[in-house]
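Residue-level listing of the chains:
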Amino acid sequence: MTHSVPESVPRPAAAPRRKPGYRFNLVGIIGLSVLLFWAVIAVIAPWVIPYPVGEIVDYDALGPMTAKFWLGTDYLGRDILSRVLMGARYTVGISLASVTLACSLGVTLGMIAAVSGGWLDTLLSRFLDAMNSIPSKLFGLVVVAAVGSSLPVLVLTMAVIYVPGSFRFARALAVNINTMDFVTAARIRGERTPYLILSEILPNILGPVLADLGLRFVFTVLLLSGLSFLGLGVQPPYADWGAMVRENIGGLAFGAPAVIFPCVAIATLTISVNLLIDNLPQKIRDRSDA
Amino acid sequence: MKKQVLSLIGGRLAIALITLLIVSSAVFFATALLPGDTAAILLGQAATPEAVAGLRKAMHLDDPALLRYGRWLIGLFTGDFGASYANGRPILDLIGGRFINTLKLAGVTTLFAVPLALFLGITSAMLRGTLYDRVVTLCTIGLISIPEFMVATTAVLVFSVTLGWLPALAYANDVKSFGELLRVFAMPVITLTFVVSAQMIRMTRAAVVETLNTPYAEMALLKGASRPRIVLRHALPNALGPIANAMALSLSYLLGGVIIVETIFNYPGVAKLMVDAVATRDLPLIQTCAMIFCLGFLILTTLADIVAILANPRLR
């Protein structure tokens, strides 16, 4: 999912421009608060879960929602609420780590390619475009098949998968900045590539790059969940949300909450990030559209 | 002018070939150079040092990696995919029927998804800003943001648990009548249609909206043409290229969806074969399946580019 869909919902032309500022609108605030909620949960999960994650607390497997077990129990009779809360650590943590890695690498390479130009630019662009034409889930499957699944492998694999997209995005932005007078001026006064990248280019593409990081975070969450669902992601006894769906898929035929709530958790996370990005404050969005 | 189009398409095909080469090397070296002695894994309990050495020799595992890659590549081109590690059967036999199955699934999905996406995409662009448009946009954003397996589980919850219309899990092995065939195909196709058409609707809508913003569309509005006439007569013909491009591009999302859908519904296709092969670490089988998928992906994206070139009237 590396081809970005052009965001072409033009705001109604008559809409008055908001006062210049960094204020969020309502939908943006909702997105932001759901995102913050999961971020906080990911940090404090071990202290708020009602039951230990691995402990079988109820002999009624795939049980319904009760006052004792708010979200029911899973296929072994473990508390779903505790597992969903702890699952946030894996889903959010792994995705965030790998997307940060992918974007820092992709953006750095993209800026270097844009600033240096020439054969380095061509080589990087061609190679990464080719990498881009391996479907993401497929690449994950192949690597996991070869090396086995562990947390570092997952983080690195997903980072590798999303470097090309990030590279392409950052390069396109940086090429535009690169032709501006202040960059030319800096170059003429003899600044080297590292300075140009960090002090001239980066500050001017930071807004869009962060928005892009958010989108790529969604892709990463989806990929991680997909891999875990196939049994290739986070391995038992640990479980992210995708792995929880896999574990309890047997309860699907009678609509057990154990299948539904991990799904709901994923959806709230990804949709809230999308909403947040679509409703970024004017100041940041103006830059994103550039 | 014709020559220019041909050379553009030729260039695109050449890039596709080079890409395929790079992809094949990525697939090969990602699996072949990683730790774990294949011979020792294959022999399992019987792995005496002599036996391992013998098998390594027989499988040419001691040859330089580049040589093995070359041999593998030539095998791919001549249709000799090698034999499965797990059961020794030729990979061609293992894949054959399943490939047809996956094609069937993808074909039927395309048949449903394309008209649906065209209709929803164009109408929501026509009725831009209305409640209808907002609902469609919200639904597509929602569908794009959730994983494929969630679409599948939701479809099962709605169509088989709540409504009771369809069986929850389908097996395509013992299909006897046309009715049964429909029932087997229904859930996977519904799921894949949702996954693929969300992308298509967004891109179609974007393409039509973009042409609606052009001066000639505004001109048509000013001379008093009705809304449907502006869209169907003025905007749509010019949006056809981008739309066809969007269709081909969205269909490449089928590949990601098909892996999940075949697994969840136990559908005997190539993707299921590949996921099973991962469990047994059957590398030749995984490599071949991966190449099939990459090839499909590449054909679709190349097709999308070629359509975009052909649809550009300035090049005709």
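On a predicted model such as this, the values are computed, not experimentally measured, just so you know. (Residues numbered from 1 in each chain as written. Chains lettered and ligands numbered in written order. Predicted model: local features only at pLDDT ≥ 70, side-chain atom pairs only at ≥ 80, totals over all residues. Heavy atoms only, no water.)

Participant: Residue-level account of the overall build of chain B, with values.
Facilitator: Tallying secondary structure elements over chain B gives 13 helices and zero strands in all. Each helix (α) and strand (β) of chain B, taken in turn from the N terminus, gives the series α-α-α-α-α-α-α-α-α-α-α-α-α. Expressed as a percentage of the 316 residues in chain B, the buried residues total 49%. Across chain B, every contact between residues at least 6 apart in sequence was considered, and the portion connecting residues at least 24 apart equals 72%. Carbon together with sulfur atoms contributes 69% to the accessible area of chain B, which is approximately 15300 Å² in total. (Helix = DSSP H or I, 4+ residues; strand = E, 2+ residues; numbered from the N terminus. Buried < 20%, exposed > 50% of the residue type's maximum accessible area, 1.4 Å probe, protein only. Contact = heavy atoms within 4.5 Å. Areas by Shrake-Rupley, 256 points an atom, 1.4 Å probe, with all protein chains shown as cover.)

Participant: Before we move on, could you go through the overall build of chain A and cite the residues and values that matter?
Facilitator: Summing up its helical and strand segments, chain A has 10 helices and zero strands in all. Going from N to C terminus, chain A has its helices and strands arranged as α-α-α-α-α-α-α-α-α-α. Counting over 290 residues, chain A shows a buried share of 52%. For chain A, the proportion of contacts with a sequence separation of at least 24, taken over those separated by at least 6, is 72%. Surface accessibility of chain A: about 13200 Å² in total, with carbon and sulfur atoms responsible for 68%.

Participant: Tell me about unusual backbone geometry, residues and numbers included.
Facilitator: With the exception of glycine, most residues fall at negative phi, and the peptide bonds are largely trans. Residues and elements named next belong to chain B. Phi angles above zero are rare outside glycine, and Asn266 is one such case at about 60 degrees. As for its position among the elements, Asn266 is in the loop between helix 11 (253–264) and helix 12 (270–280). Residue classification places Asn266 among the partly exposed residues on the basis of a relative accessible area of 33%.

Participant: Report on the UniProt feature "transmembrane region" (unreviewed entry) in chain B, specifying residues and quantitative values.
Facilitator: All names here are of chain B. Within this numbering scheme, the UniProt entry marks residues 12–34, 105–123, 135–161, 181–201, 243–265 and 285–311 as carrying the feature "transmembrane region" (unreviewed entry). Between the C-alpha atoms that bound residues 105–123 there is a distance of 27 Å. The span itself is 100% helix and 0% strand. Here residues 243–265 is 91% helix and 0% strand, with 31 Å between the C-alpha atoms at its ends. (UniProt positions renumbered as here; feature names shortened; annotations may be inferred.)

Participant: Break down the state of the cysteines for me, with residues and values.
Facilitator: Within this structure, the stated rule accounts for zero disulfides over all chains. With no disulfide of its own, Cys263(A) has Cys139(B) as its nearest cysteine by sulfur position, at a separation of 18 Å. For Cys263(A), a relative accessible area of 5% gives the class buried. A disulfide-free cysteine, Cys289(B) has its sulfur positioned 11 Å from the sulfur of Cys294(B), the nearest such atom. You can call Cys289(B) buried: its relative accessible area is 0%. (Disulfide = S-S within 2.5 Å.)

Participant: Which residues make up the packing of aromatic side chains, and what values do they have?
Facilitator: Residues and elements named next belong to chain B. Applying the stated criterion across every chain, the model contains six aromatic pairs over all chains. Plain terms: the ring middles of Phe28 and Tyr69 are 5.5 Å apart, the flat faces sit at 50 degrees to each other, and that makes the pair tilted. Note that Phe28 is positioned in helix 1 (residues 2–32) and Tyr69 in helix 4 (residues 65–77), a separation of 41 residues in sequence. An identical accessibility class is assigned to Phe28 and Tyr69; each is buried. (Phe/Tyr/Trp six-rings, centres within 6.5 Å; stacked < 30°, edge-to-face > 60°.)

Participant: Explain the packing of helix 9 (residues 257–278) of chain A against helix 7 (residues 148–162) of chain B to me, using residue names and the numbers behind them.
Facilitator: Direction vectors running N to C along helix 9 of chain A and helix 7 of chain B enclose 135 degrees, while the axes themselves pass 11 Å from each other. As the angle between them shows, helix 9 of chain A and helix 7 of chain B are arranged oblique. Once helix 9 of chain A is placed against helix 7 of chain B, the crossing between them reads as left-handed. On helix 7 of chain B, the residues that touch Val259(A), Ile260(A), Cys263(A), Val264(A), Ile266(A) and Ala267(A) of helix 9 of chain A are Phe149(B), Met150(B), Thr153(B) and Leu157(B). Of the residues belonging to the contact of helix 9 of chain A with helix 7 of chain B, the class tally is nine nonpolar, one polar and no charged. (Axes fitted to C-alpha atoms, helices over the stretch in contact; angles between N-to-C directions. Parallel < 35°, antiparallel > 145°, perpendicular 65-115°, else oblique. Left-handed = near helix turned anticlockwise from the far one by under 90°. Nonpolar A, V, L, I, M, F, W, Y, C, P; charged D, E, K, R; others polar.)

Participant: Describe helix 4 of chain B, listing the residues and the values that go with them.
Facilitator: Residues that lie three or four places apart on an α-helix share one face, since the helix turns once every 3.6 residues. In this model, helix 4 of chain B (13 residues) spans 18 Å end to end at C-alpha, consistent with the 18 Å of a helix rising 1.5 Å per residue. Phi turns positive one or two residues past the end of helix 4 of chain B, at Gly79(B), with a value near 80 degrees. (Expected span 1.5 Å × (residues − 1).)

Participant: Describe the environment of Leu141(A), with residues and values.
Facilitator: Within the secondary structure, Leu141(A) sits in helix 4 (residues 136–147). Leu141(A) sits in the buried class, given a relative accessible area of 0%. Note: C-alpha distance between Leu141(A) and Arg89(A) (52 residues apart in sequence) is 23 Å. The residues touching Leu141(A), leaving out its near neighbours within four places in the chain, are Leu227(A), Leu230(A), Leu232(A), Ile259(B), Met274(B), Val275(B) and Val278(B).

Participant: Any details on the interface of chain B and chain A? Residues and values, ideally.
Facilitator: Counting residues at the interface gives 50 residues for chain B and 47 residues for chain A. Put simply, chain B and chain A have one salt bridge between them. With its nearest N and O atoms 3.0 Å apart, the salt bridge here joins Lys137(A) to Glu148(B). If you look at where chain B meets chain A, you find three residue pairs in polar contact (both at pLDDT 80 or more). Of all the secondary structure elements, the ones that give two or more residues to the side of chain B that touches chain A are helix 1, helix 6 (131–145), helix 7, helix 8 (178–212), helix 11, helix 12 and helix 13 (283–311) of chain B. Here the side of chain B that touches chain A gets eight residues from one element, more than from any other, and that element is helix 1 of chain B. (Salt bridge = Lys/Arg side-chain N within 4 Å of Asp/Glu carboxyl O. Polar contact = N/O pair within 3.5 Å; in protein donor to acceptor, adjacent residues only side chain to side chain.)

Participant: Can you break down the pattern of salt bridges residue by residue, with the values?
Facilitator: Tallied over the entire structure, the rule returns 11 salt bridges over all chains. Of the charged contacts, one joins Arg168(A) and Asp129(A) as a salt bridge, the two residues approaching to 3.1 Å between their closest N and O atoms. One end of the pair, Arg168(A), is in helix 5 (residues 151–178); the other, Asp129(A), is in helix 3 (residues 118–132), with 39 residues separating them in the sequence. Judged by relative accessible area, which is 41%, Arg168(A) ranks as partly exposed. Between Arg205(B) and Asp133(B) there is a salt bridge, with its nearest N and O atoms 2.9 Å apart. Of this pair, Arg205(B) sits in helix 8 while Asp133(B) sits in helix 6, and the two are 72 residues apart along the sequence. Taken individually, Arg205(B) and Asp133(B) each receive the classification buried, so the pair is uniform in this respect. Within the structure, one salt-bridge network assembled from shared partners comprises Arg78(A), Arg83(A) and Glu247(A).

Participant: With reference to specific residues and values, describe the side chain of Glu200(A).
Facilitator: Inspection of the secondary structure puts Glu200(A) in helix 7 (residues 193–229). Among all residues touching Glu200(A), those that are not within four sequence positions of it are Ile177(A), Phe182(A), Val183(A), Ala186(A), Arg189(A) and Tyr195(A).

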